[in-house]
Every structure is written in structure tokens, then in C-alpha cells.
Amino acid sequence: MNSIAKTPRPPYYAAIFTSERTEGDGGYGVMGDKMVELAAQQSGFLGVESVRDHNGVGITVSYWESLDAIKNWKHNELHKVAQEKGKSEWYKTFGLRVSKVERDYFFTV
């Protein structure tokens, strides 16, 4: 995932997932790709941006039309499997913040 999400005009919502990884992959990369593909099929999904630094700290921001769309994603069965694997194997620490985007500005230079 190397690009900036193309979101509609606000308002919309952002689910901001911040994490610190454990050592090793353990299937993390494959599951991450699968989660992006699955999220893109969910009603209300608008886009995603994700980065991770050399120390294992990462931020993934997914954009959604509504709070209900975020809630539905949280309860998706395969996403729940990934969440449990994250708790048991992939993350040292993690957190989620949900916010409403009321303004956005983009510039190409």
C-alpha cells in the first residue's frame, strides 16, 4: 500500500489503528493483504493508508462512510480471526482511535 487514499468530500470517519509489532512475520504480511482486500469489499469502505517504521511501530488509517460501517468491519468474522491473532502473536501493543473527518486539504506540488 503506497498511495494516499482518495476519499470523498467530508464528513466521513477514520479508524486509526496504531501498533507495535513483535519479531518475525508469522503470516502477518499475508493476513494484512487479505484484510485490505476484505475491507475494500465492505459496505461504507472508502480507502486505507498504512505505514510501519524500522522499529516495528505502524499506523493504519481506514476511512469509512459511517460509524456503523466501522462497527460492521469490527465484527466481520475473518477480521475477528485477524484481531485474535494480533493479540496472541503479532503485536506487543496496539490501540484504535475513531474520529470524524470534517475537513481535508490536499495539494500536489
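The preceding data block contains the structure.
I will try to describe carefully the structure that is included in this document. (Residues numbered from 1 in each chain as written. Predicted model: local features only at pLDDT ≥ 70, side-chain atom pairs only at ≥ 80, totals over all residues. Heavy atoms only, no water.)

**Overview of the sheet that holds strand β3 (residues 57-64)**
Taken together, the four strands give an open sheet; going across it, the order is β2-β3-β1-β4, and neighbouring strands pair in antiparallel fashion. Each end of this open sheet is capped by a strand with a single partner; those strands are β2 (45-52) and β4 (91-101). In this sheet, neighbouring strand axes are inclined to one another by 15° on average, regardless of whether the strands run parallel or antiparallel. Taken together, the seven bridges between β2 and β3 define a ladder with antiparallel strand orientation. Note on β3: the bridge partner recorded for Phe45 is Trp64. Strand contacts of helix α1 (residues 28-40): β1 (12-21), β2, β3 and β4, with the helix running at about 160° to β2, the strand carrying the most contacts. (Pairing = 2+ DSSP bridges. Helix = DSSP H or I, 4+ residues; strand = E, 2+ residues; numbered from the N terminus. Axes fitted to C-alpha atoms, helices over the stretch in contact; angles between N-to-C directions. Contact = heavy atoms within 4.5 Å.)

**So, the layout of surface pockets**
In this approach, a probe sized like a water molecule rolls over the atoms, and the result shows the empty space that is left. Estimates place the volume of the largest pocket at around 970 Å³. Lining the largest pocket are 35 residues, with Phe17, Thr60, Trp73, His79 and Tyr91 positioned closest to its centre. Those elements that place two or more of their residues in the lining of the largest pocket are β1, α1, β2, β3, α2 (67-74), α3 (77-90) and β4. Considering every element that reaches the lining of the largest pocket, the biggest residue donor is α1, with eight residues. (1 Å grid on protein atoms, 1.4 Å probe; cavity = no way out; pocket = protein on both sides within 12 Å on 5 of 7 lines; lining within 4 Å. Points joined across faces, edges and corners; volume = space filled by probe spheres on them.)

**Focus on the nonpolar core**
Within the largest apolar cluster, 16 residues are counted, with the highest numbers of intra-cluster contacts made by Met35, Trp64 and Trp73. Elements with a contribution of two residues or more to this core: β1, α1, β2, α2 and α3. Among the elements that line this core, the one with the most residues is α1, at five residues. Once residues lying within four places of it in the same chain are set aside, the contact partners of Met35 are Trp73, Leu78, His79 and Ala82. In terms of nonpolar packing, the next biggest core, distinct from the first, is built from seven residues, Ala14, Val61, Tyr63 and Val101 among them. (Core = buried A, V, L, I, M, F, W, Y, C linked by side-chain atoms within 4.5 Å. Buried < 20%, exposed > 50% of the residue type's maximum accessible area, 1.4 Å probe, protein only.)

**A look at α1**
Residues three or four positions apart in an α-helix share a direction because the helix packs 3.6 residues into each turn. Its 13 residues place the ends of α1 18 Å apart at the C-alpha level, agreeing with the 18 Å of an ideal helix rising 1.5 Å per residue. Those residues of α1 that fall on the buried side of the exposure criterion are Tyr28, Met31, Met35, Leu38 and Ala39. For α1, the buried positions fall inside an angular range of 95° around the axis, keeping them on one side. Exposed residues pointing more than 90 degrees away from the buried face of α1 are listed as Val30, Asp33 and Glu37. (Expected span 1.5 Å × (residues − 1). Arc of directions from axis to C-beta.)

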